[in-house]
Amino acid sequence: MSEHCDIAATQFGNQMNRPSWITSGLPVTREQRSGCWAYTKLIDPPFAKLIWGSWFAKVVIMSERVMSERSPEQIRELLDSLYRVDSGRILATLIRLLGDFDLAEEAMHEAFAAALGLWPKNGLPDNPRPWLISTARFKAIDTLRRRARFDASQDELVRHLEAQSISAERSNEEDSLEDARLEDDRLRLIFTCCHPSLPPEARVALTLREVCGLTTEEIAKAFLTTPRTLAQRIVRAKAKIRETPIPYEVPTPQELPERLGAVLHVIYLVFNEGYSAAAGAGVTRAELTGEAIRLGRLLAELHLTELGPEPEVMWVEVTGLLSLMLLQESRRAARTSSTGELILLENQDRTLWNREQIAEGVALLEKALKSRRFGAYTLQAAIAAVHAEAKSTAATDWRQIVALYDQLLRIQASPVVQLNRAVAIAMCDGPEAGLAQIDAALEHGELANYYLAHSARADMYRRLGRTAEARASYEKALALTQQEPERQFLQERIRQLK
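Residues numbered from 1 in each chain as written. Predicted model: local features only at pLDDT ≥ 70, side-chain atom pairs only at ≥ 80, totals over all residues. Heavy atoms only, no water.

Quick notes on the side chain of Thr135
Convention followed: Numbering of helices and strands starts at the N terminus; helices are DSSP runs of H or I of at least 4 residues and strands are runs of E of at least 2. Note on contacts: a residue pair qualifies if any of its non-hydrogen atoms lie within 4.5 Å across the two residues.
Take Thr135: it is sitting in helix H6 (residues 128–148). In contact with Thr135, not counting residues within four places along its chain, are Ala111 and Ala114.

Structural notes on the state of the cysteines
What counts, and what does not: Note that a disulfide, as used here, is simply two cysteine sulfur atoms within 2.5 Å. Think of it in three bands: with a 1.4 Å probe and only protein chains considered, a residue is buried below 20% of the maximum accessible area for its type, exposed above 50%, and partly exposed in between.
Under the defined criterion, the tally for this structure stands at zero disulfides. Its sulfur unpaired, Cys193 is 6.5 Å from the next cysteine sulfur, which belongs to Cys194. According to the relative accessible area criterion, Cys193 is buried, its value standing at 0%.

Focus on the confidence of the model for the chain
Under the convention used in this document: One confidence number per residue, pLDDT, is output by the predictor and ranges from 0 to 100.
On average, residues of the chain carry a pLDDT of 78, and 75% of them reach 70 or more. Low pLDDT (under 50) marks residues 4–68, which in the prediction has 241 contacts with non-local residues, meaning those over four places away or in another chain. Confidence drops under a pLDDT of 50 for residues 172–183, and excluding neighbours within four residues, the segment shows 31 contacts in the predicted structure.

Focus: the pattern of salt bridges
Filter applied, for reference: Counted as salt bridges are all cases of a side-chain nitrogen of Lys or Arg within 4 Å of a carboxyl oxygen of Asp or Glu.
One pass over the structure, following the stated rule, counts 18 salt bridges. The partner of Asp406 in a salt bridge is Arg421, with the nearest N and O atoms 2.5 Å apart. Here Asp406 is found in helix H17 (residues 398–411), whereas its partner Arg421 is found in helix H18 (residues 415–429), with 15 residues between them in sequence. Note on Asp406: relative accessible area 33%, which makes it partly exposed. Taking the shortest distance from any N to any O, the salt bridge between Asp459 and Arg462 comes out at 2.6 Å. Here Asp459 and its partner Arg462 are both found in helix H20 (residues 451–463), three residues apart, which amounts to about one turn of the helix.

Notes on unusual backbone geometry
Cis geometry is adopted by the peptide bond preceding Pro245, which originates at Thr244 and carries an omega value of -20 degrees. Here Arg372, not a glycine, exhibits a phi torsion of approximately 55 degrees, which is positive. Inspection of the secondary structure assignment puts Arg372 in the loop between helix H15 (355–371) and helix H16 (376–388). Among the residues examined, Arg372 registers a relative accessible area of 46% and is labelled partly exposed.

Laid out in structure tokens, this is it:
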């Protein structure tokens with residue numbers, strides 16, 4: 001349920017003292033219609049800081065003497081943090097070095113296991129990530145040597161890896177942890193996972209698994225399928241990459257426009273999972289939102305080199321998506337209390353909103369809108385901008401938000417967008433009007449198991465004083481959500497009903 005629903009569209013802000021983000025009758029081009037994607041969550045994601053580098057920044061300056069005084073438990077905690085924050089980048093580099101997804105995963109896990117045994121005795125290396133990559137590479141060579149006893153074709157690969165080990169190690173040591181250039185292995189990896197030769201559902205699943213480190217169970221939950229089916233999908237995708245073979249590289253400038261749509265969709269899904277986690281004890285997963293922003297910035301750098309006088313819609317959408325993520329991330333600090341309780345947008349302390357992120361997001365949005373060739377991400381960013389600059393929920397320009405949703409529905413006829421529009425209509429015309437729109441969205445059936453739809457419906461009933469219907473809808477939403485803060489919020493709403 002979270003801040004998006006229970007007077008739900010409080011997910012977006014206002015536009016006091018600012019130009020309108022939309023012009024009545026704004027034309028929708030064919031390119032915009034062709035740039036539509038399905039989304040799995042309500043649009044209200046904030047963004048986390050790029051914490052993937054901050055942990056290392058602290059660790060690298062620690063001397064070996066200091067680390068030698070650390071207990072095994074402290075070393076384990078540091079390794080756990082390292083795995084959460086940087087295992088995706090380590091894996092991406094290993095895939096480049098080894099040329100095999102499964103071998104790289106196995107080697108990475110063996111390297112972390114080796115670190116768990118050695119670092120408490122020897123202290124933390126000066127450069128932990130290169131140490132892990134180097135150790136994993138040699139673990140992989142050992143594995144291939146064992147295989148070579150039964151398969152002579154492995155000999156050549158072993159010799160190749162051994163010959164490259166010195167130069168690869170030097171390259172790893174010189175690689176900055178904060179390097180977000182196009183040569184980043186994770187950018188190569190995400191384009192490989194999103195290759196058009198793979199089925200669309202496999203691209204998203206493989207990227208969430210390999211680039212972002214989500215478990216098979218988490219991805220299956222997001223796609224409303226079984227872990228077994230999802231695992232088979234990932235196995236088939238890896239086999240396709242290996243057998244085709246699909247190159248591990250950033251596409252050429254000529255190939256990029258047609259490859260961007262799938263990549264942007266994956267980044268959006270990663271951000272949404274981080275912004276509103278599907279399950280667990282926390283509302284957000286900062287490592288995922290931070291990673292999604294980092295990947296968005298990588299694409300934005302590439303974007304700057306490719307923009308012409310009339311950019312393709314996909315290139316404009318790179319800017320639009322980054323704008324959306326920054327604007328939504330700006331509210332992260334205000335979304336939960338010090339004890340982890342969910343705070344709806346209407347009750348958030350807006351002084352906690354990150355004004356630097358809002359300013360950057362608005363600047364990116366204005367740039368995208370000037371092209372007049374934008375698509376769904378840019379329109380969502382425009383809605384987020386209206387909210388981000390609001391002084392209060394009451395001062396929000398809800399009419400403008402409804403108009404933006406009208407434009408969004410023209411290029412993305414999604415039940416979730418229809419639901420968001422219904423909540424905005426309730427803020428303009430009252431809960432009865434909003435309830436009618438929500439019921440219309442639910443009639444299609446796609447939102448039957450979507451807890452936010454039932455939560456929004458419950459809130460309309462609550463505001464209308466229809467307690468019995470409100471209780472039934474809240475209980476339906478409660479049965480469908482697995483995120484603990486949202487469960488607590490819904491339970492409290494039910495307790496408040498008289």
